[in-house]
Amino acid sequence: MMSKRLTLDVENISCPICLDLLKDPVTIPCGHSFCMSCINTNWDGEEHRKVYSCPQCRKTFKARPILEKNIMLAELVEELKETGLQGATADHYYAGPEDVGCDVCTGRKMKAIKSCLVCLASYCEEDLKPHYIAPPLKKHKLVDPSKKLQDNISSHHDEVMKMLMGGQETVSPEAERTEKQKDLQVSQQQIQQRIQDQEKDLKLLHQEVEAINVSADKAVEDSEKIFTELIRLIQKRRSDVKQQIRSQQETEVSRVKDLQEKLEQEITELKRKDAELEQLSKTEDHNQFLLNSPSLSALSESTHSSSINIHPLRYFEDVTAAVSELRDKLQDILREDCRNISVLVSDVDVLVSRPEPETRSDFLMYAREMTFDPNTANKELELSDLNKKVTFLKRVRPYIYHVEKFTFHCQILTKEALIGRSYFEFEWDGTITLALAYKGIRRSGSSMESLFGFNDNSWALTLNRESPHFYHNDEDFPITAPVSSRLGVYLDHRAGVLCFYSISDTMTLLHRVHITVSQPLHVGIRFYTSRGDTAEFITMK
């Protein structure tokens, strides 16, 4: 009975934090007692929150309680120590939060002193005794207590350590580790090799970033120089035109003023003559009148033309019109060339090139809006629908001559050029040739140099319902797939890939060819003999 009471007393005078007998015991306002150093350390950790709590009941205090030693508890601890219970307490030391608890103990667990790699359990001194006594347990591998015992054992270790039927012995952890060590070394070598490979790739990527930056910086610098030179040239031309206008203005004004002065002098002389004649006409002396009349009546010849007609003149308005025309041409050039530059910038592939489009939605990512260039149209062709549609009239229509016009073959080119990745669709009716050609293709004469598909400046697909063909440099490639009235054309200018597709409910590849191009390409259409044949670009959404 006395033993039970003393054991209870030991538990009641133990610190809930360190689980040892109280040292310098203090009692906080909620009534619980702790070692002075334990509770101070605990509250030091709560200092940043400015709220202090009891580690046992969790009651909080806004102000940090002032601690004073509990004399009664201190004396009771000293009395118990004198009874010799300190040793008993040490023998049955309980496991704290940072300790490994015994897996066999029920209730409050004792501190474990060993862990078994076979049993996968930890034991206190009392519960470990069978491992030192029982022969089967003596073979078990004991290690220092570990909280992560399961993490240190392979996932299939239980199966290896099972007793085999027929009295065979278990496989030792050392033997299993030897085998696993070999696998580990192989894996480690593979990992190290991958590290080396990826470090090489990383180095290449660093070099690639540097190359991109250098190339971009140089492109920006060169572009700035070119645009600056272009601006300088325009400013020079502006200054020249201004100077020419002013010079001509000065010349013309001077000429007019000279004529004005002569006219003013003649008017003065005529007025003087008029006055003399008026005076002579009033003379009463007949002899005097007859004597002076011959000299007064003789007039000198006028120094200017009497046919000066002031009528609305354009003067320098023609110059303004010419400058406006130059502006419009520059705007068209800049608009198209800047679009091409933008395409080239967005088409830069640093790493692996993007795959070719497969679905129509993929192709539409590269859709280009195309219009025909009236300056290139043969005199028998008519444009409509904002220059998106061309019709073969088979008769000469009124036209204005232009140096870029096809004079013999019934052909036309687009205003826009294709560069980078481009895709467009068009509808056709009759018999036509669809071509991609350099802008510098010959425009005059009937030679093959100006005929789409029969020179090295153009690639052409002749379209009809019976026997479509692809032509380049006078080489002929027949097309076997059926052709619909709507076609799609895909060009990867950099890769030199040209594809023609028949568009209906699906896309059917008609012809795919690798071409070698050195310049932007314009779309061309050629007509044959049937009046009313048409070709029209489709606006894609």
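Refer to the preceding data block for the structure.
Description of the structure in this document. What you are looking at is a predicted structure, and each value in this text was computed from that prediction instead of being measured.

1. Focus: the overall build of the protein chain
What the protein chain contains, in helices and strands, is eleven helices and 20 strands. In the protein chain, which comprises 541 residues, the share counted as buried stands at 30%. When the accessible surface of the protein chain is summed, it comes to about 35900 Å², and 54% of that surface belongs to carbon and sulfur atoms.

2. What to know about the packing of aromatic side chains
Following the criterion strictly, the structure yields 14 aromatic pairs and no others. Taking 6.4 Å as the distance between ring centres and 70° as the angle between the ring planes, the aromatic pair formed by Trp-43 and Phe-61 counts as edge-to-face. Taken together, the residues Trp-43 in helix α2 (residues 36–44) and Phe-61 in strand β4 (residues 60–61) connect sequence positions 18 residues apart. Assigned by exposure class, Trp-43 and Phe-61 land together as buried. An aromatic cluster is present here, built from Phe-363, Tyr-366, Tyr-423, Tyr-490 and Tyr-501 joined pairwise through their rings. In this arrangement the basic side chain of Arg-443 is found over the ring face of Phe-406, its NZ or CZ atom lying 5.3 Å from the centre.

3. Digging into the pattern of salt bridges
Going through the model one piece at a time under the given rule, you end up with 21 salt bridges. Across the salt bridge formed by Asp-240 and Arg-237, the nearest N and O atoms sit 3.9 Å from each other. Here the residue Asp-240 and the residue Arg-237 both occupy positions in helix α8 (residues 173–281), the gap between them amounting to three residues, near one helical turn. One salt bridge connects Arg-360 with Glu-425, and the closest N-O pair in it is separated by 2.9 Å. Highlighted residues: Arg-360 in helix α11 (residues 360–364) and Glu-425 in strand β11 (residues 421–429), separated in sequence by 65 residues. Residue Arg-360 is classed as partly exposed on the basis of its relative accessible area of 33%.

4. As for the nonpolar core
In terms of nonpolar packing, the biggest core is built from 47 residues, with Phe-424, Phe-426, Leu-434, Leu-463, Leu-498 and Phe-527 touching the most fellow members. Per-element tally for this core: the top contributor is strand β17 (residues 497–503), with six residues. Residue contacts for Leu-463: discarding those within four places in its chain leaves Phe-426, Trp-428, Gly-430, Thr-431, Ile-432, Leu-434, Val-483 and Leu-487. Within the second largest apolar cluster, 18 residues are counted, among which are Leu-21, Phe-34, Cys-35 and Cys-54.

5. Remarks on the sheet that holds strand β10 (residues 411–418)
Read across the open sheet, the six strands follow the order β10-β19-β12-β13-β14-β15; overall the sheet is antiparallel. Edge positions in the sheet fall to β10 and β15 (475–478), since each of these pairs with one other strand and no more. Between one strand axis and the next, the sheet turns by 20° as a mean value, whatever way the strands run. Across four bridges, strand β14 (residues 469–472) lies against β15 in antiparallel orientation. Bridging across to β15, His-469 finds its partner in Pro-478.

The rules behind the values
- Residue positions are counted from 1 within each chain, in the order its sequence is given.
- In keeping with the predicted nature of the model, local features appear solely for residues at pLDDT of at least 70, side-chain atom pairs appear and are counted solely at 80 or more, and the whole-chain, interface and lining totals rest on all residues.
- The side-chain figures draw on all heavy atoms in the structure; neither hydrogens nor water molecules are used.
- Numbering of helices and strands runs from the N terminus; a helix is a DSSP stretch of H or I covering at least four residues, while a strand is a stretch of E covering at least two.
- Relative accessibility under 20% of the residue-type maximum defines a buried residue, over 50% an exposed one, and the middle range a partly exposed one, all with a 1.4 Å probe and only protein chains included.
- Using a 1.4 Å probe, accessible areas were evaluated by the Shrake-Rupley method; residue-level cover was limited to the displayed protein chains.
- Centre distance within 6.5 Å is the pairing criterion for rings of Phe, Tyr and Trp, where only the six-membered ring of Trp is used; planes under 30 degrees apart are then read as stacked, over 60 as edge-to-face, and the remainder as tilted.
- Note on criteria: charge over ring means Lys NZ or Arg CZ within 6 Å of the ring centre, with the direction from the centre no more than 35 degrees off the ring normal.
- Here, a salt bridge means any Lys or Arg side-chain nitrogen found within 4 Å of an Asp or Glu carboxyl oxygen.
- For our purposes a nonpolar core is just a set of buried Ala, Val, Leu, Ile, Met, Phe, Trp, Tyr and Cys residues, chained together by side-chain atoms within 4.5 Å.
- Whether two residues touch is decided by their heavy atoms; if any such pair falls within 4.5 Å, the residues are in contact.
- Criterion used throughout: strands pair if DSSP finds at least two bridges between them.
- Lines fitted to C-alpha atoms define the axes here, with helix axes fitted over just the stretch in contact, and angles between the N-to-C directions of these axes take values from 0 to 180 degrees.

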